[in-house]
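# Observations on the model geometry
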Amino acid sequence: MVRQVFFSFHYGRDIWRVNQVRNSWVAKKDREAAGFVDAAEWEEVKREGEDAIQEWIDDQMHGTSVTAVLIGNETADRDWIRYEIKKSIKRGNGIVGIKVHSLKDKEGSTDFSGSNPLKKFVVEQDGDVQTLSSIFPTYHWDRDNGRENIGDWVEEAAQASNQLSGVQRRSVRRRESIAEGLNFDAGTAVVLLIIIAILIDQYTDIDLLENIDLSQYQQRTGDDSMFP
C-alpha cells in the first residue's frame, strides 16, 4: 500500500529543513508526499488571498492519510499550521509531530526549539478532553533518528487516528486553558498541591501547612515520610 503524507506548510528558512525530511520520506518505495511549496509558488498563492491558500491546502491534503507537522522555532504561531492541524483531524488524518529546528537551513544555521502546536489543540467526547499531543507523539528528527524511523512514526500516527471517533474528530478546537486536557486524578492533584505548600512553608515566611489537614491523606496512603 502506498502511504501518502501531507507535510505541513512552511516558508522562509524552514523550507530547507522541511525538504530534508520530505526527501528522506520519499526516498523509499511506496511513499508519496504532498504539501510542498517553493518560494515562487507561495508568493503566487499568497497574492490570491486567504481563501486561495485554504483551497490550496485542502487540495494538497486530498488523498493523504497522515500529516507530518514539522516543528521549527515559530511553527506553533503560524495561522496556516493551525488550520492544517484542525483540517487533518476533521478529515481523519493521523498526525506526527517532528522537531526540525536542529537541521541546518540554507545558510548552514540551526535554530532554537519551538513550542509544540499539538499541545494547543484538544478533542472531546462525553466530557473527556484530550490534547492532541497526548494522542499523537512528537519526535526529534536528529535525536530520534528520523531517517530510519519516520516510516514507523507515520504508521503509528495512522493507527492512532483510527482510534478517534467521529465525535472526537468533529470536536477538535483550540485549547481554552493550560489545565484543559490534563488528566490528573484527584489524588495526584492533592499530592501536587501539598508539595507546593511544603516548599512554600520551607522557603518562605508563609505558614500554609498550619491550615492543611494531612491526616486523611496519611490514613489513605500510610505514608507520612514526605511530611515534616
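Up top you'll find the structure we're talking about.
Throughout what follows, the structure given in this document is the object of discussion.

Rules of the game
Counting of residues starts from 1 at the beginning of each chain's written sequence and follows it residue by residue. At least 70 in pLDDT is required for a residue's local features to be given in this predicted model, at least 80 for side-chain atom pairs to be given and counted, and no such filter applies to totals for whole chains, interfaces and linings, which use all residues. Hydrogens are left out, water is left out, and the side-chain values use all remaining heavy atoms of the structure. When DSSP finds at least two bridges between two strands, those strands are taken to pair. Elements are defined by DSSP. Helices are runs of H or I of four residues or more, strands are runs of E of two residues or more, and each kind is numbered from the N terminus. The axes are straight lines fitted to the C-alpha atoms, using for helices just the contacting stretch, and the angles between their N-to-C directions are given from 0 to 180°. Should an angle fall under 35 degrees it is called roughly parallel, over 145 degrees roughly antiparallel, and 65 to 115 degrees roughly perpendicular, with every other angle called oblique. A clockwise turn of the near helix away from the far one marks a right-handed crossing, whereas an anticlockwise turn of less than a right angle marks a left-handed crossing. Contact definition: two residues touch when any of their heavy atoms are within 4.5 Å. A 1.4 Å probe rolled over the protein chains alone gives each residue an accessible area, and that area as a share of the maximum for its type sets the label: buried under 20%, exposed over 50%, partly exposed in between. Expected helix span is computed as 1.5 Å times (number of residues minus one). Only the six-membered ring of Trp is used, alongside the rings of Phe and Tyr, when aromatic pairs are assigned; centres must lie within 6.5 Å, and planes under 30 degrees apart are stacked while those over 60 apart are edge-to-face, with the rest tilted.

Take the sheet that holds strand 8 (residues 173-174) next. Strand pairing in a sheet takes place through backbone hydrogen bonds and is either antiparallel or parallel in direction. One open sheet accounts for 3 strands, arranged 6-5-8; its pairing is antiparallel. Every other strand in the sheet has two partners, leaving strand 6 (128-131) and strand 8 as the edge strands with one partner each. Where strand 5 (residues 121-125) and strand 8 come together, 2 bridges link them in antiparallel fashion. From the neighbouring strand, Val122 faces strand 8, where its bridge partner is Arg173.

With that out of the way, let us pick up the packing of helix 3 (residues 50-61) against helix 4 (residues 79-91). Where helix 3 contacts helix 4, the axes come no closer than 11 Å and their chain directions differ by 40 degrees. Judged on the interaxial angle alone, helix 4 and helix 3 are oblique. Of the two possible hands of crossing, helix 3 and helix 4 adopt the one that is right-handed. Across the interface between the two elements, Glu50, Ile53, Gln54, Ile57, Asp58 and Met61 of helix 3 pack against Trp80, Tyr83, Glu84, Lys87, Ser88 and Arg91 of helix 4.

Here the focus is the environment of Phe6. Structurally, Phe6 is set in strand 1 (residues 3-7). Of the residues examined, Phe6 reaches a relative accessible area of 0% and is grouped as buried. Note: C-alpha distance between Phe6 and Thr64 (58 residues apart in sequence) is 6.0 Å. Ignoring any residue separated from it by four or fewer positions in sequence, one finds Phe6 in contact with Ala34, Gly35, Ile57, Gln60, Met61, Thr64, Val66, Thr67, Ala68 and Glu84.

Here the focus is helix 4. Here helix 4 contains 13 residues, and its C-alpha end-to-end distance of 18 Å stays within 8% of the 18 Å for a straight helix at 1.5 Å per residue. Those residues of helix 4 that sit buried are Trp80, Ile81, Tyr83, Glu84, Ile85, Ser88 and Ile89. At the exit of helix 4 stands Gly92, carrying a positive phi of roughly 95 degrees.

The next point concerns the packing of aromatic side chains. Both the distance between ring centres and the angle between the ring planes are used here to describe each pair of aromatic rings. What the rule picks out here adds up to 3 aromatic pairs. Taken together, a centroid distance of 6.3 Å and an interplanar angle of 80 degrees make the contact between Trp141 and Trp153 edge-to-face. Of the two residues, Trp141 sits in the loop between strand 7 (138-140) and helix 6 (146-162) while Trp153 sits in helix 6, which places them 12 residues apart along the sequence. What makes Trp153 buried here is its relative accessible area of 5%. Feature note: the residues Tyr139, Trp141 and Trp153 constitute an aromatic cluster, connected by ring pairs.

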